[in-house]
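# Close look at the chain arrangement
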Amino acid sequence: MSDTLIREYHRSREVHDKIIIGGGAAGLMAAYSACKISTDGGFVPDVLLLEGKEIVGKKLAATGNGKCNFTNMYQDICCYRSDNSAKAYRIINNFDNQKTISLFRNLGIISTERKGYCYPIGEQARTFRDVLKERVISLGTVIYTEKYVIGIDKSDSVFSVTCSDLSVYYSKKLIICVGGSAAPVFGTDGNMFGLLEKMGFKIIKPKPALCGLRTDCKYLKILEGVRLKCECSLYSSKRGNIIYKEQGEIIFSKNGISGIPILNLSRFAINELDDGNKCGVLLDFFPDMNLRKLKDYLTSTVISCGDGAVGVVLSALVNDKLLKTLFRELSIDYDTSSKVYDVRTIRNELGRLSEMLKSFNVNIIGDTGFENAQTTQGGVILKEIDENNMESYKYPGLYFAGEVLDVDGMCGGYNLQWAWTTGYIAGRN
Ligand SMILES: Cc1cc2nc3c(=O)[nH]c(=O)nc-3n(C[C@H](O)[C@H](O)[C@H](O)COP(=O)(O)OP(=O)(O)OC[C@H]3O[C@@H](n4cnc5c(N)ncnc54)[C@H](O)[C@@H]3O)c2cc1C
């Protein structure tokens, strides 16, 4: 054995106070709070962070379209979806958005807010990665990158952590912050779920959340690229009623729909399909008018324009690609002609058009996969975790933080808030 290998072997035999697996949002926050509590108490921190990728915080630096929507001023239990949302929300309240904003302010990251969504004032997501990385290293965290963990064991109160290069590290306490299965390009391939299951943890089946949905809508060729404000109502064949409703901007793509309301309802649609139920989304393009009002509005506008081409008049009120789609679906053709229609025909056809504008049906046939998801639903069940310190009941000394747990937040900074909160609490303990 060479001297370097011998030195590496002896170093890895050290039993560290804490090992953190995963250097994402939760792992960096856990390292920060673990080191801070030690130094504030007059101790020298002994924290080792093992990251599978060549760099920490890869996903963090890509969040919020590179701007990082790191929390939200509006907080409610419904923003944290889980098998046990009540517990998730109690945990959030142990280290909430205000405490998060203030912690980052103390680290030099000032928050700015738009409609409740909070961003760093410089609007650069990598600020969080760089500041946290720099701070945890200066507080004493040792970071090893390209250490992809493939095994965890515990004997005589010591955890041993094995990496894919067969190096083994030991610690008294272990914090697991490996994220979920969403966006594997950032290092989160969900490998740890199988490992944790073997250790006896109950894992709620991980599925994508906050992702686009695929549809069999035959008009996608026309609608691709169109962005429209509407109200989206998800229904299921099994339940027979509306499961989830949200207004916002949707985007049609080559094979489906996305946009914030679709991302927010995707987890429910995915669960319906997973249960074998059919589901779809009804799009209401005029949510502020009831059907009668919309019919009257369209009819009176068209009639008051005299002999203007009906299609041209309507395209001032409705997106022309959507209009083209609806005309096809209704087998009417106003767009090219400037024919004079009689009022009865116009009333009748605009009535049918209004009905479609109020509830345009899009069948959902699938999702766009973990590759295109922003987060994971499912994961380590919260029942097995002590909400006061994120410690496992089954394995004292083992803690969890972040997306690896069964919590998926809505769009708006809630997933990062969950990572900050749980990372902070786990590290502090
Ligand atoms: C494109 C995109 C944009 C997003 N934007 C936002 C946003 O604006 N606001 C918001 O709130 N949320 C956003 N999210 C979601 C948010 O980024 C995640 O929920 C959050 O980063 C989860 O933090 P985490 O620390 O639990 O996991 P991650 O940040 O995913 O970190 C996990 C880390 O563990 C490492 N790892 C995994 N397995 C192993 C292993 N076996 N051994 C060693 N290391 C391992 C990974 O390489 C990774 O670095 C976005 C997600 C994506 C994909």
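Data block above holds the structure.
Residues numbered from 1 in each chain as written. Predicted model: local features only at pLDDT ≥ 70, side-chain atom pairs only at ≥ 80, totals over all residues. Heavy atoms only, no water.

### Considering the overall build of the chain
Looking only at helices and strands, the chain has 13 helices and 22 strands in total. With the C-alpha coordinates aligned to their principal axes, the bounding extent of the chain is approximately 90 × 45 × 40 Å. Look at the contacts in the chain between residues 6 or more apart in sequence, and 75% of them connect residues 24 or more apart. Surface summary for the chain: the accessible area is close to 19,300 Å², and the carbon and sulfur share equals 49%. Positive and negative side-chain charges of the chain, numbering 53 and 49 respectively, have mean locations separated by a distance of 2 Å. (Helix = DSSP H or I, 4+ residues; strand = E, 2+ residues; numbered from the N terminus. Contact = heavy atoms within 4.5 Å. Areas by Shrake-Rupley, 256 points an atom, 1.4 Å probe, with all protein chains shown as cover. Lys, Arg positive; Asp, Glu negative; His and termini not counted. Charge placed at Lys NZ, Arg CZ, Asp CG, Glu CD.)

### Observations regarding the pattern of salt bridges
This structure, assessed with the given rule, holds 18 salt bridges. The partner of K205 in a salt bridge is D274, and the shortest N-O contact between them spans 3.1 Å. Taken as a pair, K205 in strand β11 (residues 203-209) and D274 in helix α8 (residues 260-274) lie far apart in primary sequence, 69 residues in all. Judged by its relative accessible area of 38%, D274 is partly exposed. Among the ionic pairs, E249 bridges to R227, the shortest N-O distance being 3.0 Å. Here E249, found in strand β14 (residues 242-252), pairs with R227, found in strand β13 (residues 227-236); they are 22 residues apart in sequence, far enough to count as distant. Members of the salt-bridge network, linked through shared partners, are K67, R114 and E123. (Salt bridge = Lys/Arg side-chain N within 4 Å of Asp/Glu carboxyl O. Buried < 20%, exposed > 50% of the residue type's maximum accessible area, 1.4 Å probe, protein only.)

### Focus: the sheet that holds strand β5 (residues 111-114)
Within the open sheet, the three strands sit side by side as β3-β6-β5. Their pairing is antiparallel. At either margin of the open sheet sits one strand with a lone partner, and together these are β3 (71-72) and β5. Where β5 lies against strand β6 (residues 117-120), four bridges are found, and the strand directions are antiparallel. Bridge pairing in β6 links E113 to C118. (Pairing = 2+ DSSP bridges.)

### So, the environment of L291
With respect to the helices, strands and loops of the structure, L291 is situated in helix α9 (residues 291-304). For the pair formed by L291 and G116, sequence separation is 175 residues and the distance between their alpha carbons is 32 Å. If we ignore the near neighbours within four places in the chain, the residues touching L291 are S354, E355 and K358.

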